[in-house]
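Survey of secondary and tertiary structure
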Amino acid sequence: MNATMENGILKAALSGHIDSGNAPAVESELMALREREPHDGMVLDLKELTYISSAGLRVVLRLRKLEPQFKLVNVSAEVYEILDMTGFTEMMTVEKAYRELSVEGCEVIGRGANGTVYRIDKDTVVKVYRDADCLPDVQRERELARKAFVLGIPTAIPYDVVRVGESYGSVFELLNSRSFSKLIAADPAGMDKYVDLYVDLMKKMHSTHVKPGDMPRMKEIALNWVTFLREYLPADQAEKLVALVEAVPERDTMLHGDYHTNNIVMQNDEVLIIDMDTLCVGHPIFELASMYLGFVAFGELDPNVTLNFLKMTHDTAVVFWKKALAKYLGSDDDAAIRAVEEKAMVIGYARLMRRTIRRNGFGTEDGRATIVLCKERLADLLSRVDSLDF
């Protein structure tokens, strides 16, 4: 047993195994350590512990009752299974040990708001999260992906959590897969086929009902975006923007929240959707707004943004957006399609303006240009758009 003290937390690292033969001695040593070292909390590091019996579990339980701040960390998969099966993971904080993975030299498949997806080999990819304190986000995305899969949405299910440098990643299997972005870039003439597949999957999601509370409400998220802008838009525009979002009808159907061609992949003739951390429920106008951002607005001032992001030119991305919107609406009426597009643009430019401001947009030339663009677009749109429903 090795013991250290850090910021008032007593940490004891255990190794080997604990069973009925040595549990009393382990408990005696731990109790003596507690008495000898004044502390505010206690952590047991079980990285080198290979087995624990019921006698060892009782030692852990008695320590937990004595220590107001108590947790188990770096728990091996074998020991974690025992703790989970016996209910200890519900009684106290238990943190698994995660295998370490390097992404050095790996192909970048895509980048999103929360992380970067790398291909490890022909069968496996890993999504690496940007935030070092992202474990709750990792677990949340895994749970959202599981719920979507159970509801019949074709997605790759993360099967492992790993350490990648100072952060964490979710590993999932994508056999011989290619994103729609790459497929379209390689075969621009075949775009219509990918538009059809893309929209078919989106419609499947948008017709899938979700139990209350299982996924976030997109309308609530969008209201946060537009109320943020009250400080930056003329009062009449800001109030109309908030009122438009408040009036959007509630829906219990699924949205992806980041539905672009990097996140749709073809795996052995099967279409799958990935990057599920933005899953939510709500009106499809919110999905269309996100799509408009990805295909049109992000690269409006600098087309290279689209090329770097989607691996296709901005002109190609705009064509894809227009074809996908017409296919989704089932219409060839240009005026009707344009009316829905403008509704999506309202939310899209509001989101982009908020995003830019929060990322120090006023402090850079590109940021200021984007903010000006958004204000001009919103002023024009809000003068004639009176509903976001369709």
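Residues numbered from 1 in each chain as written. Predicted model: local features only at pLDDT ≥ 70, side-chain atom pairs only at ≥ 80, totals over all residues. Heavy atoms only, no water.

Identification of the protein chain as Anti-sigma factor antagonist from Candidatus Faecalibacterium intestinigallinarum is taken from an unreviewed UniProt entry. What the UniProt record of the protein chain gives under Sequence similarities (unreviewed entry) is the line "Belongs to the anti-sigma-factor antagonist family." (UniProt positions renumbered as here; feature names shortened; annotations may be inferred.)

Turning our attention to the environment of Leu-382. Positionally, Leu-382 belongs in helix 14 (residues 365-382). We classify Leu-382 as buried; its relative accessible area is 5%. Spatially, the C-alpha atoms of Leu-382 and Leu-83 are 57 Å apart, while their sequence positions differ by 299 residues. With residues up to four places along the chain from it excluded, the contact list for Leu-382 reads Gln-237, Lys-240, Leu-241, Leu-244 and Val-346. (Helix = DSSP H or I, 4+ residues; strand = E, 2+ residues; numbered from the N terminus. Buried < 20%, exposed > 50% of the residue type's maximum accessible area, 1.4 Å probe, protein only. Contact = heavy atoms within 4.5 Å.)

Here we take up the sheet that holds strand 10 (residues 167-173). Spatially, 5 strands are ordered 6-7-8-10-9 in an open sheet, and the strand pairing comes out antiparallel. Unpaired on one side and paired on the other, strand 6 (107-111) and strand 9 (160-164) mark the two borders of the sheet. Here the average twist between neighbouring strands, direction ignored, is 30°. Taken together, the 5 bridges between strand 9 and strand 10 define a ladder with antiparallel strand orientation. What sits directly across from Arg-163, in strand 10, is Tyr-168. Strands strand 8 (124-129), strand 9 and strand 10 of the sheet are contacted by helix 5 (residues 135-150), whose axis makes an angle of about 150° with strand 9. (Pairing = 2+ DSSP bridges. Axes fitted to C-alpha atoms, helices over the stretch in contact; angles between N-to-C directions.)

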